[in-house]
Amino acid sequence: MRILVVDDEVRLVDGVRRGLEAEGFAVDVAANGVDGLWMAQEHRYDAIVLDIMMPGMNGYTVCERLRAAEDWTPILMLTAKDGEWDQVEALDTGADDFLSKPFSYAVLVARLRSLVRRGSRERPVVLEAGDLQLDPAARRVRRGDVEIELTSREFAVLEFLIRNAGDVVSKRQVLDNVWDGDFEGDPNIVEVYVRHLRNKVDRPFGRASIETLRGAGYRLAVGRG
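Residues numbered from 1 in each chain as written. Predicted model: local features only at pLDDT ≥ 70, side-chain atom pairs only at ≥ 80, totals over all residues. Heavy atoms only, no water.

Engineer: Let's hear about the nonpolar core: which residues, and what values?
Structural biologist: Membership of the largest hydrophobic core comes to 27 residues, with the highest contact counts inside it found for Val141, Val157, Leu158, Leu161, Val174 and Trp179. The contact partners of Trp179, leaving out residues within four places of it in the chain, are Arg2, Ala26, Arg153, Val157, Val174, Ile189, Val190 and Tyr193. (Core = buried A, V, L, I, M, F, W, Y, C linked by side-chain atoms within 4.5 Å. Buried < 20%, exposed > 50% of the residue type's maximum accessible area, 1.4 Å probe, protein only. Contact = heavy atoms within 4.5 Å.)

Below, the structure written as structure tokens:
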């Protein structure tokens, strides 16, 4: 899942970014409202974390402009502590939820997962491909009756594949949606994680659901679980 964080508090943003990445999210950051609005319009995000008071353009305006453009990406707005009217205006301008500063990272992650499940369109609570099941909220993966332990990054790669089950996704798409947008490492890291997933969700069960299409990318076969 790809999240956009728009906030000018550098220390807070660094903490949020590290916390979300540890949970398997891909995170992009904008330090002001103008850049945040541009990024939200240019890229697809599963959710946006949006501060209110920022240079250039405040969070209310960013939210209003996105909704006016019929962009229904879930927005979690960060409000001042005990800022009752901030919370009212956040919801009135189109935010889906709010969180008061200072906040618990565990609560932030839980709120974001809830928003992503609801999404800008209806999404199933549990994602399925044959007898392979992935529960984004509970962070659980099962093949039939067998629960499978995955690392946060393995879980994120599998979640992206299963959300696009039946479609071919390129290595670049996996990187853009699971790693950071400014990732400069070896793109072959995707192959490493796909191999890990095959060793955990396919081979022990005699399956070959994660397919490699040479020169094109990967596909999670729907009918073969």
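Once you've had a look at it, read on.
Engineer: Summarise the packing of helix H2 (residues 33-42) against helix H3 (residues 59-68); cite the residues concerned and give the values.
Structural biologist: Their axes nearest at 9 Å, the elements H2 and H3 cross at an angle of 25°. Our classification of the angle between H2 and H3 gives roughly parallel. For the crossing formed where H2 meets H3, the hand is right-handed. For the pair H2 and H3, contact is made by Gly33, Leu37, Ala40 and Gln41 and by Val62, Arg65 and Leu66, respectively. For the contact of H2 with H3, a count of residues per class yields four nonpolar, two polar and one charged. (Axes fitted to C-alpha atoms, helices over the stretch in contact; angles between N-to-C directions. Helix = DSSP H or I, 4+ residues; strand = E, 2+ residues; numbered from the N terminus. Parallel < 35°, antiparallel > 145°, perpendicular 65-115°, else oblique. Left-handed = near helix turned anticlockwise from the far one by under 90°. Nonpolar A, V, L, I, M, F, W, Y, C, P; charged D, E, K, R; others polar.)

Engineer: Just give me the short version of the packing of aromatic side chains, but keep the residues and values in it.
Structural biologist: Using the criterion set out here, one finds one aromatic pair in the structure. Arranged with centres 5.9 Å apart and planes meeting at 90°, the rings of Phe103 and Tyr105 form a pair that is edge-to-face. Note on Phe103: relative accessible area 16%, which makes it buried. On the accessibility criterion, Tyr105 (39% relative accessible area) is partly exposed. (Phe/Tyr/Trp six-rings, centres within 6.5 Å; stacked < 30°, edge-to-face > 60°.)

Engineer: Tell me about the sheet that holds strand S1 (residues 2-6), and name the residues and values.
Structural biologist: Sheet architecture is open: five strands sit in the order S2-S1-S3-S4-S5, paired in parallel fashion. Looking at which strands have only one partner, the edges of the open sheet turn out to be strand S2 (26-30) and strand S5 (97-100). The average undirected angle you get between the axes of adjacent strands in this sheet is 20°. When S1 meets strand S3 (residues 47-51), the two strands line up parallel, connected through four bridges. Across the sheet, Val6 pairs through a bridge with Leu50, a residue of S3. (Pairing = 2+ DSSP bridges.)

Engineer: Describe H3, with residues and values.
Structural biologist: Those residues of H3 lying buried are Gly59, Tyr60, Val62, Cys63, Leu66 and Arg67. For H3, the buried positions fall inside an angular range of 165° around the axis, keeping them on one side. Positioned one or two residues after H3, Glu70 has a phi angle of 60°, which is positive. (Arc of directions from axis to C-beta.)

Engineer: Explain the pairing of strand S8 (residues 140-143) residue by residue, including any values.
Structural biologist: Residue alternation in S8 divides its side chains into a buried set, Val141 and Arg143, and an unburied set, Arg140 and Arg142. Where strand S7 (residues 132-135) meets S8, four bridges bridge the pair, whose relative direction is antiparallel. Bridging across to S8, Leu134 finds its partner in Val141. The pairing of S8 with strand S9 (residues 146-148) spans three bridges and is classified as antiparallel.

Engineer: Got a sec to walk through the pattern of salt bridges? Specific residues and values, please.
Structural biologist: In this structure the tally under the stated criterion is 18 salt bridges. For Arg2, the salt bridge goes to Asp28, with nearest N and O atoms at 2.9 Å. With a gap of 26 residues between them, Arg2 in strand S1 and Asp28 in strand S2 connect regions that are remote in the sequence. Residue classification places Asp28 among the buried positions, given a relative accessible area of 11%. Close ionic contact of Arg163 with Glu159 constitutes a salt bridge, the shortest N to O distance being 3.0 Å. (Salt bridge = Lys/Arg side-chain N within 4 Å of Asp/Glu carboxyl O.)

Engineer: For the domain arrangement of the protein chain, give the residues involved together with the corresponding values.
Structural biologist: By the assigned domains, the protein chain splits into domain 1 (2-120) and domain 2 (127-220). If you average the C-alpha positions of domain 1 and of domain 2, the two centres end up 27 Å apart. With 14 residues of domain 1 at the contact, the number on the domain 2 side is 13 residues. Note on domain 1 versus domain 2: buried area summed over both sides is about 1,000 Å², and carbon and sulfur give 35% of it. Where domain 1 packs against domain 2, one counts two residue pairs in polar contact (both at pLDDT 80 or more). Elements with a contribution of two residues or more to the side of domain 1 that touches domain 2: helix H1 (10-22), S2 and helix H5 (105-118). Here the side of domain 1 that touches domain 2 is composed, by residue class, of five nonpolar, one polar and eight charged. (Domains from an automatic or database assignment. Buried area = accessible area lost by both parts, 1.4 Å probe. Polar contact = N/O pair within 3.5 Å; in protein donor to acceptor, adjacent residues only side chain to side chain.)

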